[in-house]
Structure formats: C-alpha cells, structure tokens
Amino acid sequence: MAAASSGSSRDQILYALVSRGTIVLAECSATQGNANTIARRILERLPASDSVRQSYTQDRHLFHILTEEGLTFLCMSDEGMGRRVPFAFLEEIRSRFTQAYGSAALTALAYAYNTEFSRILHQQMEYFSFNPNADVINRVRGEVNDVKNIMMENIEKVLDRGEKIELLIDKTDQLQGDAFAFRRNTRKLKREMWWRNFRLACGIGIGVILLVYFISAMACGMKLNKC
C-alpha cells in the first residue's frame, strides 16, 4: 500500500520530492505509509533521458514524474485526482526550484534544500489540492494536450510482483526488435515462396513440353518426320 489515509475525503497530492538522479534534494509528505520508499524505487529505475513525463499506478494512488535538465520532480496523488492538476503542480515546483537554486542544484548534496524547499512543497501541495483556482490556471496554461501524452504503467507489476521498471520501459525496444524480426522473416518467406513457385512453373513448363513431344512422337514418329 502506498499511503494511509490523510484524514480528508478529497483527492489530493500527498507526497512530493525533488531529486538529482537518486539523490533527494527536498521532499514533503502529507501522509503516512511507504510513499517515499516507492518513490526511491522509481528514481532508481527511471530511464536516462533529458525529458520524462510519466505516471505510475499503485493501489489507489498515482506517482507522477517530470524530469528536465538533470532534475526530477515527483509527486504522489490520489487516483481520483487524475493527471492534469498533479502535472501542473510539478511544473510550478520545477519553476520555483530552478529559479531559487539554478545550476547549484546539479552539484548539491542530499537534502541540501530540504529545510527551505520542503515548506514550499507543502504550500503548493495544499494549494493544488484544495484551491479550485489551481485547475483553472492549469487550463489557461494549456497543459491538457501535454498530459494526454503521459505514459501510464502499473507499478504493482514492478514492486509487488518483482517486475523491474526498466523491463516495462524496454518493452518499446523489444516490440521494435520483434517488428524487425517479423519483417526479416517475411522477406525470407517471400523469397522462399518465389523460388518454390518458380520451380513449380519450370516443372509444369517442362512437363507440358514433354507431353506435347510424346503426343507428337506417337503421331509423327520419334523424329517427327512422318507428319
């Protein structure tokens, strides 16, 4: 289970962190449970990419990840909250964090900004969870189209059943490899079928020629000189 109930029936953002790779620079939790443990497992298995927008499901919660310029911004929300508002939250956190710390975050130690930035995380978690204007602002920014492209994976397969996240991510490469093998086998089969048909046509042609010859030979002699 990702998190225990926070005491509110309203869907909300329950956990957030900022990291550089697996090094957590700041985090904030509004709930009890193992959200931080799952978040670190996700960080360990994120693909090496300059830009990632992705979500994972776990029980009744969603983990949302935004990675840009070497920094990862992650939050966990209730499933009913959807993805639009949490990603608006991550965009806001990214903007505030980069403005506050800039390139210094690329060499900072673990939890270097936790004292200062955890308060901002908490404030923004409250704002995007309970302030109705948060979603209106997000609509104005036009984030809806971007969120449509966010990939969804089932983190239960990763954590509960032992399947690694990188295997889920590598499915695209596997499908591409399977497609290439299929095309190669198709070309090979086409060549084999062409040669088979060619041999069959040659055999039929030779058979027809021999049949015509034998019929003519019976009527005109073996040298065909009696007709």
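Above this note sits the structure.
This write-up is about the structure you can find in this document.

Calculation rules
Residues numbered from 1 in each chain as written. Predicted model: local features only at pLDDT ≥ 70, side-chain atom pairs only at ≥ 80, totals over all residues. Heavy atoms only, no water. Buried < 20%, exposed > 50% of the residue type's maximum accessible area, 1.4 Å probe, protein only. Helix = DSSP H or I, 4+ residues; strand = E, 2+ residues; numbered from the N terminus. Pairing = 2+ DSSP bridges. Polar contact = N/O pair within 3.5 Å; in protein donor to acceptor, adjacent residues only side chain to side chain. Contact = heavy atoms within 4.5 Å.

Quick look at the pairing of strand β5 (residues 71-78) now. Looking along a regular strand, one sees the side chains alternate between the two faces of the sheet. With eight of its eight residues buried, β5 lies for the most part within the structure. Pairing geometry for strand β1 (residues 13-20) and β5, over six bridges, is antiparallel. Bridge pairing links Ser19 to Thr72 in β5. Relative to β5, strand β4 (residues 61-68) is paired through eight bridges, and the arrangement is antiparallel. Bridge pairing in β5 links Thr67 to Thr72. Connecting β4 to the next strand, β5, in antiparallel fashion are two residues, including Glu69 with a positive phi near 50 degrees.

Structurally, the position occupied by Leu62 is in strand β4. Placed 16 residues apart in sequence, Leu62 and Asp78 show a C-alpha to C-alpha distance of 6.2 Å.

With respect to the secondary-structure elements, Ser19 resides in strand β1. The buried category is assigned to Ser19, whose relative accessible area is 0%. A polar atom in the side chain of Ser19 sits 3.0 Å from the backbone oxygen of Gly21. Those residues in contact with Ser19 that lie beyond four places of it in its chain are Val24, Leu25, Leu43, Gly70, Leu71 and Thr72.

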